[in-house]
Amino acid sequence: MPDGEVERLYRAFVEADPATAIRVVEQVRSSGVAQAELFDALYVPALAMLGDAWARRAIDELAFTQAAVVAEQVSSFVMPPLVRPDTGVGVVLGVMHRDHHSVMKNVVAGALKEAGYRVFDLGVDVRASDFLERVEETGARVVVAFAEMLATARAVAGVRDLLDAEGRADVVLLVCGGPFAADASLARSVGANGVVSSAQGALDVLDRVRRDLLQREAS
């Protein structure tokens, strides 16, 4: 990876400059970095810088939101050309109602798709009932709910309540976001089965979930 390219991509995100962001991606690709490596080597580190800047309040709400839009526009340029074999596991994910912080959702969604998971992305501002509806439509076994505000993080409890009420207590509920990272007890209080804090963390957790599901089905 050429020196400074991750920083340049991060700056293009923050400056809401999609043309420069795409140019950075193309320059990195032309330097010899394979398409299959762009996501992990360039895009994810730049998004991690963005998330860190938001957590430290180095950028404000408007800058973060605009950067997230640019990051989403660029995502198609960094995705690997082929996905791995289908794992057979469906994952419904989305950002909770009244929350529009999509950066981490996009990172995790991209990583899971690359790994062969069947990803059903509901986007942002998602109500608890929408998660349940998509689970019933697709037969997904995992839900990942994202929240970057305390109020929306607490609202994840509504997702678990609906799943349990409809006889879907078997669905694995994972959570992701700053409030869950800051307070380990919060995930338990909303009925989550686990917390993910990064794309690799999501892959690690989903790999364990997939193995558990296969063992249950075999027994």
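Placed above this text is the structure.
What counts, and where the lines are drawn
- Residues numbered from 1 in each chain as written.
- Predicted model: local features only at pLDDT ≥ 70, side-chain atom pairs only at ≥ 80, totals over all residues.
- Heavy atoms only, no water.
- Helix = DSSP H or I, 4+ residues; strand = E, 2+ residues; numbered from the N terminus.
- Rg over C-alpha atoms; globule rule 2.2 N^0.38 Å.
- Buried < 20%, exposed > 50% of the residue type's maximum accessible area, 1.4 Å probe, protein only.
- Contact = heavy atoms within 4.5 Å.
- Areas by Shrake-Rupley, 256 points an atom, 1.4 Å probe, with all protein chains shown as cover.
- Lys, Arg positive; Asp, Glu negative; His and termini not counted.
- Charge placed at Lys NZ, Arg CZ, Asp CG, Glu CD.
- Axes fitted to C-alpha atoms, helices over the stretch in contact; angles between N-to-C directions.
- Parallel < 35°, antiparallel > 145°, perpendicular 65-115°, else oblique.
- Left-handed = near helix turned anticlockwise from the far one by under 90°.
- Nonpolar A, V, L, I, M, F, W, Y, C, P; charged D, E, K, R; others polar.
- Polar contact = N/O pair within 3.5 Å; in protein donor to acceptor, adjacent residues only side chain to side chain.

A.B. asks: Which parts of the structure should I look at to understand the overall build of the protein chain?
C.D. replies: Counting its regular elements, the protein chain contains 11 helices and five strands. Computed over its C-alpha atoms, the radius of gyration of the protein chain comes to 17 Å, within 12% of the 17 Å expected for a compact globule of 219 residues. Principal axes of the C-alpha set define a box for the protein chain whose edges measure 50 × 40 × 25 Å. The burial tally for the protein chain puts 46% of its 219 residues in the buried class. Contacts spanning at least 24 positions in sequence make up 73% of the contacts within the protein chain whose residues lie at least 6 apart. Roughly 10400 Å² of accessible area belongs to the protein chain as shown, and the carbon and sulfur atoms make up 51% of that amount. Measuring between centres, the 22 positive side-chain charges of the protein chain sit 2 Å from its 31 negative side-chain charges.

A.B. asks: Help me out: how do you make sense of the packing of helix α5 (residues 103–114) against helix α11 (residues 199–218) in this one?
C.D. replies: Helix-helix packing is characterised by the crossing angle of the two axes and by the distance between the axes. Axis separation between α5 and α11 bottoms out at 9 Å; the angle between their running directions is 50°. Regarding the angle of α5 to α11, the classification is oblique. In the packing of α5 onto α11, the handedness of the crossing is right-handed. Taken together, the residues of α11 that come into contact with α5 (itself represented by Val-107, Val-108, Ala-111 and Leu-112) are Ala-199, Ala-202, Leu-203 and Leu-206. The class makeup of the residues in the contact of α5 with α11 is eight nonpolar, no polar and no charged.

A.B. asks: Sorry if this is basic, but what is going on with the side chain of His-97 here?
C.D. replies: The residue His-97 is located in the loop between β1 (90–95) and α5 in this model. According to the relative accessible area criterion, His-97 is buried, its value standing at 19%. Within the local environment of His-97, its side chain forms a polar contact with the side chain of Asp-125, the two groups lying 2.7 Å apart. Apart from the residues lying within four places of it in its own chain, the contact partners of His-97 are Asp-125, Val-126, Arg-127 and Thr-152.

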